[in-house]
Amino acid sequence: MLGKTWLSSTGQDWKLRLGLVVFGVSAASLVTAVAIGERSDVGFGLGMFVFALLFMVAFVWINVAIRCPFCGARIIWLILRTRSHHDSLYSAFHSLTSCPMCKRGFEKPSYSP
Ligand SMILES: [Zn+2]
């Protein structure tokens, strides 16, 4: 799905996949809420609640669970918070080669978590 990235090098790509699945379920809840909104106010409210809850859970999960294997820094959160939006997503999920906090590389052959 993502190819060879720092997430797969550090064995954390499953965390991103899990977060994306929860984002997908969240989006499905939004679509369902809108679809049944004309027939049921309770259904609409419940669907929107599930959408918002799962969206927040997925966002927090991705930002908290993905960490530097060396220093434990929350790398995704750190990058999204400190870099410009032009390159932050690409850097956070694809092009990163070392931890922005401790500067240790993820691509070294001798890598061990
Ligand atoms: Zn680090």
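Residues numbered from 1 in each chain as written. Predicted model: local features only at pLDDT ≥ 70, side-chain atom pairs only at ≥ 80, totals over all residues.

J.: Please clarify how the overall build of the protein should be interpreted in this entry.
T.: A tally of regular secondary structure across the protein gives five helices and zero strands. For 113 residues, the compact-globule formula gives about 13 Å, and the C-alpha radius of gyration of the protein, at 17 Å, lies well above that figure. By its C-alpha atoms, the protein is 60 × 25 × 20 Å across when sized along the principal axes. By residue count, 19% of the 113 residues in the protein fall in the buried class. (Helix = DSSP H or I, 4+ residues; strand = E, 2+ residues; numbered from the N terminus. Rg over C-alpha atoms; globule rule 2.2 N^0.38 Å. Buried ≥ 20, exposed ≤ 12 C-beta atoms within 10 Å, placed from the backbone.)

J.: Whenever I open this one, the domain arrangement of the protein confuses me. Can you help?
T.: Note on interface size: it is often stated as the accessible area lost on association of the parts. Taken domain by domain, the protein consists of domain 1 (8-66) and domain 2 (68-108). Placing a centre on the C-alpha atoms of domain 1 and another on those of domain 2 gives a separation of 24 Å. (Domains from an automatic or database assignment.)

J.: Would you explain the packing of helix H2 (residues 13-36) against helix H3 (residues 41-65) in this entry?
T.: Each pair of packed helices can be summarised by the angle the axes make with each other and by the distance between the axes. At their nearest, the axes of H2 and H3 sit 8 Å apart, and the two run at 165 degrees to each other. Judged on the interaxial angle alone, H3 and H2 are roughly antiparallel. The chirality of how H2 crosses H3 is left-handed. The residue inventory of the contact of H2 with H3, partitioned by class, reads 19 nonpolar, six polar and one charged. (Axes fitted to C-alpha atoms, helices over the stretch in contact; angles between N-to-C directions. Parallel < 35°, antiparallel > 145°, perpendicular 65-115°, else oblique. Left-handed = near helix turned anticlockwise from the far one by under 90°. Nonpolar A, V, L, I, M, F, W, Y, C, P; charged D, E, K, R; others polar.)

J.: I keep staring at the nonpolar core and nothing clicks. Help me out?
T.: Across soluble globular proteins, nonpolar side chains show a tendency to be buried alongside one another. Counting residues in each nonpolar core, the largest one holds 16 residues, and the members touching the most others are Ile 62, Ile 66, Ile 75 and Ile 76. For this core, the secondary-structure elements that each account for two or more residues are helix H1 (6-9), H3 and helix H4 (75-82). Top contributing element to this core by residue count: H3, with four residues. Residue assignment places this core across two domains, with domain 1 (8-66) and domain 2 (68-108) each supplying three or more. Residues contacting Ile 75, with those up to four places away along its chain left out, are Ile 66, Arg 67, Cys 68, Cys 99 and Pro 100. (Core = buried A, V, L, I, M, F, W, Y, C linked by C-beta atoms within 7 Å. Contact = placed C-beta atoms within 7 Å.)

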